[in-house]
Every structure is written in C-alpha cells, then in structure tokens.
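Below are the chains, spelled out letter by letter.
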Amino acid sequence: MQATARARANIALVKYWGKADARLKIPAVGSISITLDRLWSDTEVRFDAALAADELELDGRSRPEQLARVSACLDLLRERAGVGTRARVVSRNNFPTGAGLASSASGFAALVGAAAAALGLELSPRELSIYARRGSGSAARSVFGGYVEMHAGREADGSDSYAEPLLAAEDWPLEVVIAIAARGEKDVGSGEGMARSEQSSPYYPAWVAAQPEDLARARAAIAARDFESLAEVAEHSCLKMHAAALAARPPLIYWKGVTLDCIEAVRTLRAAGVPVFFTIDAGPQLKAVCLPEAGERVAAALAEVPGVLEVMTTGLGPGLETRRIGG
Ligand code: PMV
C-alpha cells in the first residue's frame, strides 16, 4: 500500500480568493490557472498497519503543525477505500515552501494522487481534483496540466466544485519568470487571508460579483491565443484580489517594496512592446508571464531589480503523475 506522485505548482491568472464553504473548501469564485513545469512536489505515501498515527515529513523534517490538515485529507480517501490504516507521508518541494509559490497546490495534489494510488482507488481526474480541493482550493487545479479552469460549483456538498483542463501546455507555450523577493514563510496564509477578506473587506462582494466576466474574458483569450487580452484580464484580476485583501481589517499587505519595483519593471517592458504581464499571489513574489521569445529579456530585467534575490524561469507543464509501488 505504497505509491508516489509528482504534482506541479500552478499560478492563477484569474484568481481564487474567498470561500463559499470553509469546511468543504468550496470556493466562492471560479478561477483559471497555468500549471508550471519546473516547480513540483514529490510525495510518497505508505499505509502501514504498524503505525498508530499518521506521520509527515516535509522537506526533510517532521512537520507536526501541518499534520492535521494532511490527516484530514487522508481520512477522506480512507473512508472511500473503507480502511483505517495510518500512513507515513514523505514530501519534498523542489522550491521554497509557503512563500506564495503555491506549495500547498502541488503538495495536496501530490498527496491525494499518491494516497489514492496506494489505497488502490481508481479515481477519475475530476474526483482527484475534488479530493485535492479539500486539502487546498488551488490544489484542485494542479491535477491537470497546461491551462486549467476551476469551477466554483453550485452544490452544497461541493460535488460540482472541481477543476478541468482548458488547453494543453503544448497548444500555447508560455514562459513564467518568478522573481523571488523574500524567502521564508508568509505571515498570513491564504486561508486566514481569505476569511479576513470575506468578513471585513468592503470590496469583497464586488470582487465576487465581477468574477464570471473575468473568467469569460480569460477563457476567450486562451481559446484565441490572444496574449494582450489575457495580459489585461490577468493583471486586472491580480490587482483586484490584492485590493480586496488590502481593504480587510486588519489589512493584508502581501507585497514588499521590491514587489512593486518588479511590477514597474514588467510595465516598462510591456510599454516597450515586450509580450509580458505580471501576477502575484498571497506573498511577495512576482510572476511574470511571457511569450517564450521574451523569456530571457524578462528574466534579465527582473534580475536587475534591486532586492530581487533570484529569478527562476519555467514553461508550462503536465498534470499529476502517479506511480504505485509493489502489489
Ligand atoms: O489554495 P489556497 O488556499 O492556498 O489559495 C490560493 C490563493 C491564491 O494563490 C492567492 C490565488 C489562487 O487562485 O491560486
């Protein structure tokens, strides 16, 4: 009863921010993302009757504070399989954990993929996406590669709140340059940040109300491979999400000064005709999305911004990959 899985990080171009149901992690809004090729979580899950409790090792050390969330996700799959056996989970990210680089997305998608395979459950990608959502909303999208849409759904039980692929990575290759503006884990995680925005941001209802229009524009831009129009809606969605978060009480300020300098650098490039736009999640790192021919120029410009610690370039990648070990 052992399996491994690799899932990649994804970044949303039309953001997910806010929940309709916190327990079931049903998002208040749909979202559209791209899956990144070079940022992944490799997770091994071994169910073992000799274990008295679940165990978690993340990036080489035991992480008791994350265990409850992992166990809750495993419980759903154990219930489905009709077993009570505890598991040892060993997971490794090939990129910094918890700093706004979507480690929970790749982490929970890989966890669900490995655990389902280890239990011998034959789940459809849609079902895997629903289980991954229960770990972390954005993880539902990392089950798929390329361009992905997450549906908020209408059902109270979350059964129609899943992700599905929009377009394969090969069908419209883009590059993503990530500017690392700060290392270390962020102060306010996305779960707490969303709850605070829902409860106290005067802009939150407007954010939710406008989402269907942004989703429709992004879907159309992707179908038409229209970079300019995707750039416009993605930057708008990002800034609007941060505007809702900034207006929460207490405020949520995820950016550092260097994040704003990176925004400036991307806007300067685009004004000079370079096909690039930015997006930023619940952390200080800026992700610049560009056509492949602009990748080197964008990476060089961001590396020159004072305070940028590192730049990483990646293409778009595939969805969840799972391998069962032994019988
Ligand atoms: O999956 P969570 O709960 O970590 O939320 C992710 C939220 C954002 O990264 C800020 C936006 C998104 O759509 O990924």
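In this numbering scheme, every chain counts its residues from 1 along its sequence in written order. In keeping with the model being predicted, local features are shown solely for residues with a pLDDT of at least 70 and side-chain atom pairs are shown and tallied solely at 80 or more, while totals for entire chains, interfaces and linings include all residues. Based on all heavy atoms of the structure, the side-chain values leave hydrogens and waters out of the count.

Chemist: How should the packing of aromatic side chains be read in this particular structure?
Modeler: Given two aromatic rings, their pairing is described by the distance between the two centres and the angle made by the two planes. Put simply, two rings from Phe, Tyr or Trp (the six-membered ring, in Trp's case) pair if the centres are within 6.5 Å, and we call them stacked under 30 degrees between planes, edge-to-face over 60, tilted for the rest. Counted according to the given criterion, the structure contains 3 aromatic pairs. Ring plane angle 85 degrees and centroid distance 6.1 Å describe the contact between Trp-17 and Tyr-254, whose orientation is recorded as edge-to-face. Within this pair, whereas Trp-17 is found in the loop between β1 (2-14) and β2 (19-21), its partner Tyr-254 is found in the loop between α6 (227-246) and α7 (257-271), the two being separated by 237 residues in sequence. Type-normalised accessible area, obtained with a 1.4 Å probe on protein chains alone, sets the label of each residue: buried when under 20%, exposed when over 50%, and partly exposed for intermediate values. By relative accessible area, Tyr-254 is classed as buried at 8%. Relative to Trp-172, the ring of Tyr-147 has its centre 5.8 Å away and its plane inclined at 10 degrees; by these criteria the two rings are stacked. Note that Tyr-147 is positioned in strand β8 (residues 147-150) and Trp-172 in the loop between β9 (163-167) and β10 (175-180), a separation of 25 residues in sequence. Arg-6 extends its terminal NZ or CZ atom over the ring of Trp-40, reaching a point 3.9 Å from the ring centre. Helix and strand assignments come from DSSP, with helices taken as H or I runs of at least 4 residues and strands as E runs of at least 2, each series counted from the N terminus. Charges are assigned to positions over rings by a cutoff of 6 Å between ring centre and Lys NZ or Arg CZ, combined with an angular limit of 35 degrees from the ring normal.

Chemist: Would you mind going over the environment of Leu-67 with me for this structure?
Modeler: Structurally, Leu-67 is set in helix α1 (residues 64-81). On the basis of relative accessible area, Leu-67 is assigned to the partly exposed category, the value being 22%. Residues Leu-67 and Ala-116 lie 49 residues apart in sequence; the distance between their C-alpha atoms is 18 Å. Any two residues whose heavy atoms approach within 4.5 Å are treated as being in contact. Setting aside residues up to four positions removed in sequence, Leu-67 forms contacts with Asp-54, Glu-55 and Leu-56.

Chemist: Hey, could you run me through the pattern of salt bridges in this one?
Modeler: Should a side-chain nitrogen of Lys or Arg be within 4 Å of a carboxyl oxygen of Asp or Glu, the pair is scored as a salt bridge. One pass over the structure, following the stated rule, counts 23 salt bridges. In this structure, Arg-46 and Asp-48 form a salt bridge, with 2.7 Å as the shortest nitrogen-oxygen distance. Judged by its relative accessible area of 28%, Arg-46 falls in the partly exposed class. Residue Arg-219 pairs with Glu-149 through a salt bridge whose shortest N-O separation is 2.7 Å. Here the residue Arg-219 occupies a position in helix α5 (residues 204-223), and Glu-149 occupies one in strand β8, the gap between them amounting to 70 residues. Several salt bridges share partner residues, and in doing so they unite Asp-54, Asp-75, Arg-78 and Arg-86 into one network.

Chemist: Help me understand the site of the ligand, please; the structure alone is not making it clear to me.
Modeler: Near the ligand, the surroundings consist of 14 residues, among which Tyr-16, Ser-136, Ser-138, Arg-141 and Ser-190 are the closest. Contact between the ligand and Ser-104: an oxygen atom at 3.3 Å from a side-chain N or O atom of the residue. The definition of a polar contact used here is a pair of N or O atoms within 3.5 Å, where within protein one atom must be able to donate a hydrogen and the other to accept one, and adjacent residues in sequence count solely through side-chain atom pairs. At 2.8 Å, a side-chain N or O of Ser-136 approaches an oxygen atom of the ligand. Burial of the ligand by the protein amounts to 91% of the accessible area it has alone, namely 380 Å². For this description, a residue counts as near a given molecule or strand if any of its non-hydrogen atoms is within 4 Å of it. Computed by Shrake-Rupley with a 1.4 Å probe, the accessible areas treat only the displayed protein chains as cover when residues are assessed.

Chemist: Help me understand the pairing of strand β11 (residues 276-280), please; the structure alone is not making it clear to me.
Modeler: Counting buried positions along β11 gives 5 out of 5 residues, so the element sits mostly inside the fold. As defined by bridge partners, β11 adjoins strand β12 (residues 286-290) across 5 bridges and the pair is classed as antiparallel. In the strand pairing of β12, Val-276 is matched with Cys-290. At least two DSSP bridges between two strands are required for those strands to pair.

Chemist: Even after reading the chapter, I still don't get the packing of helix α2 (residues 103-118) against helix α3 (residues 125-135), so can you show me in this structure?
Modeler: Working note: a packed helix pair is described by the angle between its axes plus the distance between those axes. Put simply, α2 and α3 touch, their axes get as near as 8 Å, and they point 125 degrees apart. If you check the angle between α2 and α3, you find them oblique. The two elements α2 and α3 meet at a crossing, and its hand is right-handed. Residues Phe-108, Ala-109, Val-112, Gly-113 and Ala-116 of α2 form the contact with α3, whose participating residues are Leu-128, Tyr-131, Ala-132 and Gly-135. Only Asp, Glu, Lys and Arg are considered charged, only Ala, Val, Leu, Ile, Met, Phe, Trp, Tyr, Cys and Pro nonpolar, and every remaining residue, Gly among them, polar. Its residues placed into classes, the contact of α2 with α3 shows 7 nonpolar, 2 polar and no charged. Axis lines are fitted through C-alpha atoms, for helices just across the contact stretch, and the angle between N-to-C directions can take any value from 0 to 180 degrees. Oblique is the label for any angle not covered by the other classes, which are roughly parallel (under 35 degrees), roughly antiparallel (over 145) and roughly perpendicular (65 to 115). Two helices crossing with the near one rotated counterclockwise from the far one by less than a right angle form a left-handed crossing, whereas a clockwise rotation gives a right-handed crossing.

Chemist: Would you explain the packing of α7 against helix α8 (residues 295-303) in this entry?
Modeler: Taken N-terminus to C-terminus, the directions of α7 and α8 make an angle of 145 degrees; their axes are 10 Å apart at the nearest point. Like other packed secondary-structure pairs, α7 and α8 cross with a definite hand, here right-handed. Between α7 and α8, the residues in contact are Cys-262, Ala-265, Val-266 and Leu-269 and Arg-297, Val-298, Ala-301 and Leu-302, respectively. Of the residues that constitute the contact of α7 with α8, the class distribution is 7 nonpolar, no polar and 1 charged.

Chemist: It is not clear to me how the side chain of Asp-214 should be interpreted in this structure. Could you clarify?
Modeler: Looking at the secondary structure, you find Asp-214 in helix α5. Classification of Asp-214 by relative accessible area gives buried; the value is 2%. Once residues lying within four places of it in the same chain are set aside, the contact partners of Asp-214 are Val-14, Val-233, His-236, Ser-237 and Lys-240.

Chemist: How do you make sense of the pairing of β1 when you look at a structure like this?
Modeler: Each regular strand shows side chains that alternate between the opposite faces of the sheet. In terms of burial, β1 is largely enclosed, as 11 of its 13 residues are buried. Both β1 and strand β4 (residues 31-47) contribute to a ladder of 11 bridges, which runs antiparallel. By the bridge assignment for β4, Asn-10 is matched with Thr-35. Relative to strand β14 (residues 321-325), β1 runs antiparallel, the two sharing 5 bridges. What sits directly across from Gln-2, in β14, is Ile-325.

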